[in-house]
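Structural overview for review
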Amino acid sequence: MMPFTVNIKLSPRTLTGALNIQNKTAVDWGWQGLIAQGCHSVVLVIDPVTAQMIQALERHKANVVKVKWARENYHHSTGSPYSLRLASADVTGKIIVWDVTSGTACCEIQEYSKPIQDMEWMWNQDASRDLLLAVHPPNYIVLWNADTGTKLWKKSYTENILSFSFDPFDPSNLALLTSDGIVFISDFSHSKAPGSTGKKVYISSPYSSPLHSKPTPATGAKKALNKVKVLITNEKPSAESVTLNDCLQLSYLPSKRNHMLLLYPREILILDLEVSQTVGVVAIERTGIPFIQVIPCRQRDTLFCLHENGCITLRVRRSNCSAVKEPDPDQSVQELAYDLRCQCDAMRVTKTVRPYRMVCSPVSENSAALIVSDGRVMMWELKAHATRPDIQYSSGVSPLYSPVSFCGVPLRLHQRRIPDLSLDSMIGQSVIAGEEPPKAPLQQEVQLKFLLTGLLSGLPLPPFVIRMSPPLTTKNINQYQPLLAVGTSNGSVLVYHLTSGLLHKELSIHSCEVKGIEWANLTSFLSFATSTPNNQGLVRNELQLVNLPTGRSLAFRGELGNDETPIEMIKVSHLKQYLVVVFKDKPLELWDIRTCTLLREMAKNFPVVTALEWSPSHNLKSMRKKQLAAREAIARQTVSDTEVCSVESSVISLVQEAESRSGLSQSISAREHFVFTDTDGQVYHLTVEGNSVKDGARIPPDGSMGSIACIAWKGDTLVLGDVDGNLNFWDLKARLSRGIPTHRGWVKKIRFAPGKGNQKLLVMFNDGAEVWDTKEVQMVSSLRSGRNVNYKVLDIDWCTSDKVVLASDDGCIRVLEMAMKSASYRVDEQELTDPVWCPYLLLPRASLALKAFLLHQPWNCSYTLDVAQIDYTEKEDIKSLIQEQLNSLSNDIKSIFLDPEFSLLQRCLLVSRLYGDESDLQFWTVAAHYLHKFSQGEQLSEPAANGAAAAQGKPGNHLDICYDTLCENAYFQKFQLERVHLQEVKRSNYDHTKKCADQLLLLGQTDRAVQLLLETNAENTSYYCDSLKACLVTTITSSGPSQSTIKLVATNMIANGKLAEGVQLLCLIDKAADACRYLQTYGEWNRAAWLAKVRLNSTECSEVLKRWVDHLCSPQINQKSKAILVLLSLGCFLKVVEMLHSMRYFDRTALFVEVCLKHGVIEVNDNTNKLISSVFADYARTLKALGLKQGAVVFASKAGAEGTDLLNELTGIRGASGGEEEQ
């Protein structure tokens, strides 16, 4: 009979445990919907929805300190597919860029040897998507091409750089947090290193402020907060008043331009960078728990705050309904306040258990994951529930309302919606000053709460002992489960299911460290633990027999165990009948496992055992035959001769079936053998049968071997390992022995692989492990600590016939191939317990086909989520993977997709959210808003001020301020007025006052500007200029001569380098359009757009913004995606179609044309028809390439003459395929 190897599908994987302190900041939640986390030198990838680990990336040789997902801010196509790209950096300065799906490293970067302080992918979408900016200590920022590993440029600074933050509104702005201040860089570019050293400012610590000098009564809290004003100065503050390292974090606010957040342990400061001053403070009371981290959100002006006790709090910016002209400054201090809206449960913090980091979903911004030092990951989800209007809450904060639209379209009665889809679908926009609070009929008052939706727990702290359950055989194939028992230092045994990698059971069995585990059968195991020795060297031994299905544990040795020498090992016999318990300085004990009885305690003069192993040979088969023969004889005697014929066969078969089912009958005690060695190396052979133990042959010690440390026996091969690193292979059949020195020191453990005829041997040393082939007597693979891995192996075992499992001192347990190489694997090869929604895991073509399928099904009268129902030419295995993805969607999302009322525009928004497609999401959000706005009867030629003002009465029909210059002019202007009012309230020196006056003049608030100018102190050098300026502002008339004089002065000023002053004068005489032109000429494009939106009428503003669009499209700027968003805000939809088509964004163009035609915002004539036909024809070709024939036919037929050839080709293909099917 040929030897065969039994194997089951077990992926290589890593079970992880507690984190290293250096992993503290190594966590990131990507747009792709997955969390990456560093655990020692391993990078884990976690699905937050199902709380499953789907990948472990092993290539780093040192602790991982940073991980960052690549951004998805680009248009995806077959050339630029959806892919899981991740960068990770370690303490030795190595950066690895991964393809997470395949588990391979695409690129490795190493230039310096110090830990990476911070890194970020370049998010500016039309630039290269492969650029990665990293901070290399102490003071270098380096821009890398993460695809090739080449360095593009390097820049050094004078201070140590701790971290950095990009301005989300302007990619040329970068702020560096240094050891004693902030460096602002305004000329950041991917093409060359910043030319200047940046503008350096110092932070005056809030601890030197009056807020901390003495306890403040509650009534004076507002005044106390108002005193924390200036925190940014150009002079270095005095050493005694400042503790500079207190600043924990620096971040730009993504919800509004030019605002920055500084985090201190007891305060969050919101700075307005235009005037360099604090405009908001979130302070903790004296008894409050300090902050660790803050994540500012984009969709709403909210803050996720993590505290030292593991509590996550959500603070939402207070809506401000007061009038702009607020006389009392104390009242206005509230204007930038963040109210605590909800918090999650705190955790019990100990020496080894403390919160490390929090990450928030960038797509939905309503889920947070808390990373705990013991390896746990807690998934907290924000939920909104409607409150009853008749209940008054005593919290004192203003109510929150649900939004008035869902997926970009205003809510209708009885419309389906998913309230927890994202933060902006849970709570409505903050009301700005001068607006009425919303009173829409479909709006509800909501309250927020955190819900724990997932928990991923890690292994406890090492050391571990591990033991795999008995191997798979042909007899146990129906009951078999690949279970790994892990004994821990706290006395518990964890049982893991290795197919899924999930914890199957956690059993608290012992009161001290577990030292060994042996399985008694598939569903029960023996484990032993020993307490710390007392003065006499005696311990308490605990030996438990545990039944896994019930969790019941039995003290196997009864009352025995107190004050005796420690148990050194336990060994279960091959047939699981007997157990040998070996002690340190005491003769061994022999037990019957089935009856839990002590068969024999050896005599005092019994040799000291150094190693022991049971023989695989036994006499069970011959005993079975004898017993069956005896039973058959009894059966024959009890049945009369006439009945023998009919009964004999059935009786015998019943007896045989009962025997085979029980595996071994209680009445049979088969004979089994074990061998052991003593301290001299002599090998003893003993036979056990029932309760009798017979001494067998003794083999004298081998002179070449030292003290024997372990023995393994399988078939006719016996292997001995000694303390000097020698392995002795005995061939019992041929009576040959062969000694091999490994030169690796003490052989700690040896184990044969399971499977008939499989003679592979796993050997554990102090510094690693080796796999040997005992047939050929040669090494197959080797793993050595310090050389090819940075961890130390604590225990070993086989988990299948070709895979090994190693426990290591970094708190991880690794399932590896026999070659013992890296544990990374393909994600799609994994057996996951719960299906994971992640279209990035599909092949590029399949993920794009799935996207097209979800977006639009014009060939169907109703939507379907079954791929089998469509004509999709793809392999069956790809189809089934796509169907798995569809099935993994939540029921809420499935029902929304199947809802015929759910429009194409809403589908585009929902799919871009599901895919985490940043570029798509931005485009469709802006498109949905302005398509709805312009289709409501507003003139295409007049997109801005008047229409926006008229529509402003309806709540929530403006874009959020996070879209900045894409917002409607009236709303943008109101926001800027509120902002300058707040700056005015918070000003504390002449510079601030001057900046406020300048802003007020640009905004046309001349009366208030004059008041500020007249406040200038007589001692101030600018007193005379400011007084004259005040006179000028108040006396400006619209007479011709004065206008021309001021215009002449303004143009001269601009020509002589005083751009800001010249622009101000032009605004005074209502020549803001000229001012915008000058600003654009001098490259101040953002400033020009700002001024156009706050001062010009819709036609003039549109002209300024169109010039900006031309600039953005120029080759040296190459920000066409931004230009398209500006065109959308102007209602130039046809121009958007042309640009998208020229950029070859065929899918987005075709869907946008469909939506525009439905909304009636594109005038259909010969010119537009030609463009539309071309768009539809190109999309039909795209769908054909993806294998979606029905969609291709529909769009080819819509393309008219341009699609005729394609349509004929497609119908020919369909006809042919239909004919084949019929045959």
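Whatever comes next refers back to the structure up there.
In short, a report on the structure. What you see is a predicted model; the values in this text were computed from it and never measured.

Attention shifts here to the overall build of the protein. The secondary structure content of the protein amounts to 25 helices and 60 strands. Counting only residues that meet the buried cut, the protein has 57% of its 1223 residues in that class. Counting contacts in the protein only where the partners sit at least 6 residues apart, residues at least 24 apart contribute 56% of the total. When the accessible surface of the protein is split by element, carbon and sulfur atoms take 51% of a total near 51500 Å².

With that settled, the discussion passes to the packing of helix 12 (residues 990-1002) against helix 16 (residues 1059-1068). The axes of two packed helices give the description: the angle between them and the distance between them. Helix 16 packs onto helix 12 with a crossing angle of 40° between their chain directions and a minimal axis gap of 9 Å. Here helix 12 is positioned oblique relative to helix 16, judged by the angle of their axes. Only V1063, Q1064, C1067 and L1068 of helix 16 make contact with helix 12, whose side of the interface consists of D998, L1001 and L1002. Looking at side-chain class alone, the contact of helix 12 with helix 16 contains 5 nonpolar, 1 polar and 1 charged residues.

Our next topic: the nonpolar core. Counting 162 residues, the largest nonpolar core has W924, L1091, F1133 and F1152 as the members making the most contacts within it. Setting aside chain neighbours within four positions, we find L1091 in contact with L1002, V1063, C1067, A1072, A1075, C1076, L1079 and L1096. Judged by nonpolar contacts, the second largest core, of 28 residues, contains I292, V372, L382 and V446.

Turning our attention to the environment of G1203. Within the secondary structure, G1203 is located in the loop between helix 24 (1189-1198) and helix 25 (1204-1222). Residue classification places G1203 among the buried residues on the basis of a relative accessible area of 0%. Counting along the chain gives 25 residues from G1203 to D1178, while the straight-line C-alpha distance between them is 8.7 Å.

Okay, the environment of R341 next. For R341, the position within the fold is in strand 26 (residues 338-343). For R341, a relative accessible area of 18% corresponds to the buried category. Remark: the alpha-carbon pair of R341 and T313, spanning 28 residues in sequence, is separated by 7.6 Å. Setting aside its immediate chain neighbours within four residues, R341 contacts L314, V316, V397, S398, P399, L400 and L448.

Reading the values: the criteria
Residues numbered from 1 in each chain as written. Predicted model: local features only at pLDDT ≥ 70, side-chain atom pairs only at ≥ 80, totals over all residues. Heavy atoms only, no water. Helix = DSSP H or I, 4+ residues; strand = E, 2+ residues; numbered from the N terminus. Buried < 20%, exposed > 50% of the residue type's maximum accessible area, 1.4 Å probe, protein only. Contact = heavy atoms within 4.5 Å. Areas by Shrake-Rupley, 256 points an atom, 1.4 Å probe, with all protein chains shown as cover. Axes fitted to C-alpha atoms, helices over the stretch in contact; angles between N-to-C directions. Parallel < 35°, antiparallel > 145°, perpendicular 65-115°, else oblique. Nonpolar A, V, L, I, M, F, W, Y, C, P; charged D, E, K, R; others polar. Core = buried A, V, L, I, M, F, W, Y, C linked by side-chain atoms within 4.5 Å.

The values reported here are purely geometric and, on their own, carry no functional implication.
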